[in-house]
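# Observations on chain architecture
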Amino acid sequence: MHLRYSFRIYPTAGQRQLLARTFGCARVVYNDALALRRAAWKADRSRIATGALAKAVITEAKRTDARSWLGSVSVDALQSSLRDLDTAYRNFFDSVSGKRQGRPVGLPVFKSRKDSRQSLRFSRNGFRLRGNGKLNLAKIGDVRVKWSRPLPADPSSVTVVLDAAGRYHASFVVDVEPEYLPEVDAEVGIDLGLTTYAVLSDGSVIDNPRFLRKAEKKLKAAQRELSRKAKGSKNRAKARRKVARAHAKVADTRKDWLHQQTTRIIRENQAVHLEDLNVRGLARGRLAMSVHDAGWATFRRLLKEKAARYGRHVGIAPRTFPSSQLCSACGHRDGPKPLHIRAWACGACGMLHDRDLNAARNILAAGQADRLNACGGPVRPGVAIPRQARPVETGTHRNAGRTGRKPRAAGAAGIPAL
């Protein structure tokens, strides 16, 4: 299993200049290789082999006056840039052929020096970890690293990232074995929302922290200050970094909170069941800001990755499952209800339900039935089916017109669990 460990690094002024030069050289090599491949395909539908491509854009390019400065940086970083291009093309063809799941992937595009995020990768030959805790990068030197935790294994590669806020990070890829937790009997269904972040089938409620909403006033002030600066001026660049730092603080706080919640849920439950929400559709509606602030897709991704690492199971109920229409007590389908109805009584058995808690219980029941009866599932109840996390190199609701969530009825969490 591949895991990524990211740490803050603090290069000196000279090292920052060398990193900027390496960023630029890796970007030029990537763009030159992409241009050659496009031209070859347009000319006679041919594909240039990776070895010939590396010889053309790196080895032979260094001997020309126009690209002689490529020799001043590490060749390992330049070769990694070509491997990134190969990966981009492979992802495109796998997406077209159906081998790659998820959103369609387009053809590779040229990189710009004006991108707010710059990155470069070093393989095993381009970096080493010093005994004094520093990270040595080829033709850059020893860089100070803020180690927040030890690496569980020797890294196979490191990616140096410069984000929009001006921060440098070193992201290590390590190969580790899964750490299966002791099995527990508890399983939980989760209904995600905006008024409350999540309602669990056991009756517990996770409040929505609304990190972006809380920082909205500060973000607006920083954005207004940026809009008043002259384009191209140094003051505008400073104001832009100030806005980026404010957004980075919100994103980091949200990510830390999501890690805490997902870790707790995975440790306490053998299986977790969610509903497949149309996040992209909701993000185009009138609640787009709140949907982005919630980070549901990240919540689901973290649950899946941690379940694969710790031997748990994550099930996803289909998007068409009527979780809010079924009675969790008798199974009667009571029909769709407007979003302003937060509590309702079953027309068949008369059971009083909180909308979100009832949906969470229905998601749990559907997930358990699907997990225990699925072809290839576990023969013995309670046995987890761990899922492999995506190789880290690295990301749901109804239609956009019906996404409003009004305040939940008071006392929803007080309804006793069945």
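Residues numbered from 1 in each chain as written. Predicted model: local features only at pLDDT ≥ 70, side-chain atom pairs only at ≥ 80, totals over all residues. Heavy atoms only, no water.

## Regarding the overall build of the protein chain
Cut-off, in case you're wondering: The helix count covers DSSP runs of H or I at least four residues long, the strand count covers runs of E at least two residues long, and both are numbered beginning at the N terminus. Relative accessibility thresholds used throughout: buried, under 20% of the residue-type maximum; exposed, over 50%; partly exposed, between the two (1.4 Å probe, protein chains only). Residue exposure ignores everything except the shown protein chains as possible cover, and the areas themselves are Shrake-Rupley values with a 1.4 Å probe.
Secondary structure assignment for the protein chain yields 10 helices and 14 strands. Here the protein chain, with 418 residues, has 43% of them falling under the buried criterion. Here the protein chain displays about 22700 Å² of accessible surface, and carbon together with sulfur accounts for 52% of that area.

## Here's the deal with the packing of aromatic side chains
Worth spelling out the cut-off: Put simply, two rings from Phe, Tyr or Trp (the six-membered ring, in Trp's case) pair if the centres are within 6.5 Å, and we call them stacked under 30 degrees between planes, edge-to-face over 60, tilted for the rest. Geometrically, a charge over a ring is one whose NZ (Lys) or CZ (Arg) sits within 6 Å of the ring centre while staying within 35 degrees of the ring normal.
Applying the stated criterion across every chain yields a total of 9 aromatic pairs. Geometrically, the ring pair formed by Tyr-197 and Trp-257 is edge-to-face, given 5.0 Å between the ring centres and 85° between the ring planes. Here Trp-257 lies in helix H6 (residues 234-268) and Tyr-197 lies in strand E9 (residues 196-200), a separation of 60 residues in the sequence. Accessibility assignment for this pair places Tyr-197 and Trp-257 in one class, buried. Of the aromatic side chains, those joined through ring pairs into one cluster are Phe-7, Phe-127, Trp-147 and Phe-172. When the ring centre of Tyr-310 is taken as reference, the NZ or CZ atom of Arg-267 above it lies at 5.5 Å.

## Some remarks on helix H3 (residues 75-97)
Spelled out, the test is: A helix is expected to span 1.5 Å for every residue after the first. Throughout, a residue-residue contact means that at least one pair of heavy atoms, one from each residue, lies within 4.5 Å. Between N or O atoms, a polar contact is any pair within 3.5 Å; within protein, one atom must be a potential hydrogen donor and the other a potential acceptor, and residues adjacent in sequence are included only when both atoms are from side chains.
Here H3 is 23 residues long and its end C-alpha atoms lie 33 Å apart, about the 33 Å a rise of 1.5 Å per residue gives. Of all the positions in H3, only Asp-76, Ala-77, Leu-78, Ser-80, Ser-81, Leu-82, Leu-85, Asp-86, Tyr-89, Phe-92 and Ser-95 are classed as buried. Against helix H1 (13-44), helix H2 (50-59) and strand E2 (118-122) lie the buried residues of H3. Two or three places before Asp-76, at the start of H3, stands the capping residue Ser-74, its side-chain oxygen 3.2 Å from that residue's backbone nitrogen. A positive backbone phi angle near 95° is found at Gly-98, which sits one or two residues after H3.

## Here's the deal with the pattern of salt bridges
How we decide: For this analysis, a salt bridge means a side-chain nitrogen from Lys or Arg found within 4 Å of a carboxyl oxygen belonging to Asp or Glu.
A full pass over the atoms with the stated rule returns 16 salt bridges. As a salt-bridge pair, Asp-163 and Arg-167 come within 2.8 Å of each other at their nearest N and O atoms. For the residue pair Asp-163 and Arg-167, the accessibility class agrees, reading buried in each case. Where Arg-342 meets Asp-356, a salt bridge forms, and the shortest distance between an N and an O atom there is 3.0 Å. Of this pair, Arg-342 sits in the loop between strand E12 (313-317) and strand E13 (343-345) while Asp-356 is found in helix H10 (residues 355-373), placing the two residues 14 residues apart along the sequence. Among the residues examined, Arg-342 registers a relative accessible area of 5% and is labelled buried. Residue classification places Asp-356 among the buried residues on the basis of a relative accessible area of 4%. It is possible to trace a salt-bridge network through shared partners that takes in Asp-163, Arg-167 and Asp-252.

## Concerning the nonpolar core
Operational definition: Side-chain atoms within 4.5 Å are what join buried Ala, Val, Leu, Ile, Met, Phe, Trp, Tyr and Cys residues into a set we call a nonpolar core.
Ranked by size, the top nonpolar core spans 32 residues in total, and within it Ile-190, Tyr-197, Trp-296 and Phe-299 carry the most contacts. Phe-127, Val-143, Leu-162 and Val-174 belong to the second-largest nonpolar core, a separate cluster that totals 25 residues.

## Some words on the pairing of strand E1 (residues 2-10)
Sheet faces and side chains relate simply in a regular strand, where the side chains alternate between the two faces. We count it as follows: Each pair of strands is called paired provided DSSP finds at least two bridges between the two strands.
Taken together, the 8 bridges between E1 and strand E7 (residues 168-175) define a ladder with antiparallel strand orientation. By the bridge assignment, Leu-3 is partnered in E7 with Val-174.

## Observations regarding the packing of H6 against helix H9 (residues 296-310)
Selection criterion: Between N-to-C directions, angles cover 0 to 180 degrees, with each direction set by a line fitted to C-alpha atoms, over the stretch in contact for helices. Oblique is the label for any angle not under 35 degrees, not over 145, and not in the 65 to 115 range, which are roughly parallel, roughly antiparallel and roughly perpendicular in turn. What makes a crossing left-handed is the near helix being turned counterclockwise from the far one by less than a right angle; a clockwise turn instead makes it right-handed. Three residue categories are used. Nonpolar comprises Ala, Val, Leu, Ile, Met, Phe, Trp, Tyr, Cys and Pro, charged comprises Asp, Glu, Lys and Arg, and polar comprises the others, including Gly.
Where H6 meets H9, the closest approach of the two axes is 9 Å, and the angle between their N-to-C directions is 45°. One element, H6, and the other, H9, form an angle in the oblique class. Between H6 and H9 the crossing geometry is right-handed. Of H9, the residues touching H6 (which contributes Leu-258, His-259, Thr-262, Thr-263, Ile-265, Ile-266 and Arg-267) are Thr-298, Phe-299, Leu-302, Leu-303, Lys-306, Ala-307 and Tyr-310. Its residues assigned to classes, the contact of H6 with H9 shows 8 nonpolar, 4 polar and 2 charged.

## Re the sheet that holds strand E5 (residues 141-146)
The sheet built from 7 strands is open, its strands ordered E2-E6-E7-E1-E5-E4-E3 with antiparallel pairing. Among the strands making up the open sheet, the edge pair consists of E2 and strand E3 (127-129). This sheet shows a mean twist of 30° between the axes of neighbouring strands, independent of strand direction. In this fold H1 packs onto E2, strand E4 (135-137), E5, strand E6 (157-162) and E7, with an angle of close to 85° to the strand it touches most, E2.

## With respect to the side chain of Ser-157
Residue position: Ser-157 is located in strand E6. Looking at Ser-157, the relative accessible area reads 10%, which means it is buried.

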